[in-house]
Amino acid sequence: METVLDVQNLSIEFPTETGVVRAVKNVSFQIQKGESLGIVGESGSGKSTIAFGLFNSVPEPGRIAGGEVHFMGGPNFLDVKGETQRRFYWSKLSMVFQASQNTLNPLLRIRRQVEDIAEAHRVDKKKAKAKALELFDMMHLDANRVMNAYPHELSGGMKQRVSIGLALLLDPEVIVFDEPTTALDVISQASVLQILNQIRKESGISLIFITHDISVISEVVDTVMVMYAGQVVERGPVSQVMLNPTHPYTRGLIGSIPPLVGDVTHTRAISGNPVQLSKVSGGCPFYARCELRQPKCLDVAPPWMELDNDVAVACHFAKREVTLQG
Ligand SMILES: Nc1ncnc2c1ncn2[C@@H]1O[C@H](COP(=O)(O)OP(=O)(O)OP(=O)(O)O)[C@@H](O)[C@H]1O
Ligand SMILES: [Mg+2]
């Protein structure tokens, strides 16, 4: 297996009036060629901040406080600047931003935006436009019409599909999708994810899906990484994590998905509110809301534990939970 992206101990913080917000804390993960990774967690858990970190473009006043990002065994990408960095994006690592329907330039027809990407990367414009037509068509868009349209002439869902098409334009090795289907209705959501899965199988591209709703991506990711308060709390094959969630937070997250059939009264919300990031102690970030908490969890950060089924979890009592579930 070929490791395409290797992220080591990425930490990102935002200085605020009430203290330093550690939005991402020692996050590490690898992605193999052709792998699809899901990053899940509730709002504010640091998912988008990780994505900005990968692109070394954390919004001000945020800063990368530590860590490394290696692409295909290369040097630490966080040290690379200027033109080299700019060219890397789109062509190697590409991203569809959260609310990407708003990131298209409102003043330019889609065609011009395709040409601009081609020009910036010294790619033949004609070829890029032909490729864009193909991609828009794949996204079930009226490709010619879309090409000649201004963003305001397209619906939110259409713009989101255009953004996905543009992200695929230069055949990147990895694409990060931040809440890729939020502007889409359920049917379009399923169809876009299916198309992305098909592209992945055909081209061997690696995908990262960021979402607060694990059920949306469960069929298109191989591996899932669960975030809480800027930290990874559980990681493993999606089937294992969905069927046998180990961390109390993951169990809450999966328990809060309404079932497709049957009694929705069994659906439970996780009690309490998301933790204030500037107030996280040295112990487990989930302490305040955890049903299994013990005094030790307040002060001692749970070590990262590898379980038998390829799942790794950061919880002092995770093993006991698995045994209890039997
Ligand atoms: N510009 C900023 N200034 C201060 N704090 C910020 C800023 N951007 C993000 N944060 C902090 O970083 C944390 C993580 O934010 P992030 O946007 O990464 O969360 P998320 O998991 O993507 O949430 P969502 O599901 O709502 O998109 C937030 O809780 C917030 O406190
Ligand atoms: Mg986000």
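Our subject is the structure that appears above.
If you're wondering where the values come from, they're calculated on a predicted model, not measured in any experiment.

**Remarks on the nonpolar core**
Argument step 1. Counting residues in hydrophobic clusters, the biggest one holds 62 residues, and the most contacted among them are Phe136, Val162, Leu168, Leu196 and Phe209.
Argument step 2. Ranked by residue count, the leading element in this core is helix 6 (residues 156-168), at six residues.
Argument step 3. The residues touching Leu196, leaving out its near neighbours within four places in the chain, are Met139, Ile164, Leu168, Phe177, Leu207 and Phe209.
Argument step 4. Core analysis: the second largest hydrophobic core is formed by 35 residues, Leu5, Ile39, Phe77 and Met227 among them.

**So, the sheet that holds strand 2 (residues 19-32)**
Argument step 1. Across the sheet, which stays open at both edges, the three strands sit in the order 2-1-4 with antiparallel pairing between neighbours. With partners counted over all chains shown, the strands left at the sheet margins are strand 2 and strand 4 (63-71), one partner each. The mean inter-strand angle of the sheet, taken between neighbouring strand axes irrespective of direction, is 5 degrees.
Argument step 2. Relative to strand 2, strand 1 (residues 3-16) runs antiparallel, the two being bridged by ten bridges. From the neighbouring strand, Leu5 faces strand 2, where its bridge partner is Ile31.
Argument step 3. Contacting strand 1, strand 2 and strand 4, helix 1 (residues 47-54) runs over the sheet at an angle of about 115 degrees to strand 1.

**Focus on the pairing of strand 5 (residues 93-96)**
Argument step 1. Where burial is concerned, the two faces of strand 5 agree: the one with Leu93 and Met95 and the one with Ser94 and Val96 are both buried.
Argument step 2. Summarising the sheet, strand 5 and strand 6 (residues 174-178) pair through four bridges and their orientation is parallel. Within strand 6, the position partnered with Met95 by the bridge is Val176.

**Thoughts on the packing of helix 6 against helix 7 (residues 186-203)**
Argument step 1. Where helix 6 meets helix 7, the axes come as close as 12 Å, and the angle between the chain directions of the two elements is 10 degrees. Considering the angle they form, helix 6 stands roughly parallel to helix 7. From helix 6, Arg161, Ile164 and Leu168 reach across to helix 7, where they touch Ser188, Ser191, Val192, Leu196 and Ile199.
Argument step 2. Among the residues making up the contact of helix 6 with helix 7, the classes are represented as five nonpolar, two polar and one charged.

**What about the site of ligand 1?**
Argument step 1. Around ligand 1 lies a shell of 13 residues, among which Ser43, Gly44, Lys47, Thr49 and Gln98 are the nearest.
Argument step 2. Contacts to ligand 1 include Ser45, whose backbone N or O atom sits 3.2 Å from an oxygen atom.
Argument step 3. Relative to its free-state accessible area of 630 Å², ligand 1 is covered by the protein chains to the extent of 69%.
Argument step 4. Ranked by residues supplied to the shell around ligand 1, first place goes to helix 1 with three residues.
Argument step 5. Here the shell around ligand 1 is built from residues that sort into four nonpolar, seven polar and two charged.

**A few points about the side chain of Asn197**
Argument step 1. Tracing the backbone through its elements, the reader meets Asn197 in helix 7.
Argument step 2. Setting aside its immediate chain neighbours within four residues, Asn197 contacts Glu219 and Val220.

**Observations concerning the environment of Asn144**
Argument step 1. Considering the arrangement of structural elements, one finds Asn144 in helix 5 (residues 143-148).
Argument step 2. Sequence spacing of Asn144 and Ala132 is twelve residues, and the spatial spacing of their C-alpha atoms is 9.8 Å.

**Quick word on the sheet that holds strand 5**
Argument step 1. Read across the sheet, eight strands follow the order 5-6-7-3-8-9-11-10 without closing on themselves; strand pairing throughout is mixed. The sheet is open, and its two borders are formed by strand 5 and strand 10 (304-306), each paired with just one other strand. Taken pair by pair, the neighbouring strands of this sheet meet at an average axis angle of 20 degrees, ignoring direction.
Argument step 2. The pairing of strand 3 (residues 36-40) with strand 7 (residues 206-211) spans five bridges and is classified as parallel. By the bridge assignment for strand 7, Val40 is matched with Thr211.
Argument step 3. Helix 6 rests against strand 5 and strand 6 of the sheet, and its axis sits at about 180 degrees to strand 5.
Argument step 4. Helix 7 contacts strand 3, strand 6 and strand 7 of the sheet and is inclined by roughly 155 degrees relative to strand 7.

Thresholds, definitions, all that
Along each chain, the written sequence defines residue order, and numbers are assigned to residues from 1. The order in which chains are written sets their letters, starting at A; the order in which ligands are written sets their numbers, starting at 1. Local features in this predicted model are restricted to residues whose pLDDT is 70 or higher, and side-chain atom pairs enter the listing and the counts only when it is 80 or higher, whereas totals over whole chains, interfaces and linings include all residues. Derived side-chain values reflect all non-hydrogen atoms in the structure, with water molecules and hydrogen atoms excluded from consideration. Residues enter a nonpolar core if they are buried and are Ala, Val, Leu, Ile, Met, Phe, Trp, Tyr or Cys, with the set joined through side-chain atoms within 4.5 Å. Only protein chains enter the calculation, and the probe is 1.4 Å; a residue is then buried if its accessible area is under 20% of its type maximum, exposed if over 50%, and partly exposed in between. To qualify as a helix, a DSSP run of H or I must reach at least 4 residues; to qualify as a strand, a run of E must reach at least 2; elements of each kind are numbered from the N terminus. We call two residues in contact when some of their heavy atoms are within 4.5 Å. Strands pair, by our definition, only if DSSP identifies at least two bridges between them. Inter-axis angles, ranging from 0 to 180 degrees, are taken between N-to-C directions of lines fitted to C-alpha atoms, where helices are fitted over the stretch in contact. Each angle gets one of four labels, with under 35 degrees taken as roughly parallel, over 145 as roughly antiparallel, 65 to 115 as roughly perpendicular, and the rest as oblique. Three categories are distinguished: nonpolar for Ala, Val, Leu, Ile, Met, Phe, Trp, Tyr, Cys and Pro, charged for Asp, Glu, Lys and Arg, and polar for the others, with Gly belonging to the last. By convention in this text, a residue qualifies as near a molecule or strand provided that one of its non-hydrogen atoms is within 4 Å of it. Any N or O atom pair separated by 3.5 Å or less is treated as a polar contact, with the protein-specific requirement of one donor-capable and one acceptor-capable atom, and with residues adjacent in sequence counted only for side-chain atom pairs. We get accessible surface area from the Shrake-Rupley algorithm with a probe of 1.4 Å; when it comes to residues, only the shown protein chains can shield them.

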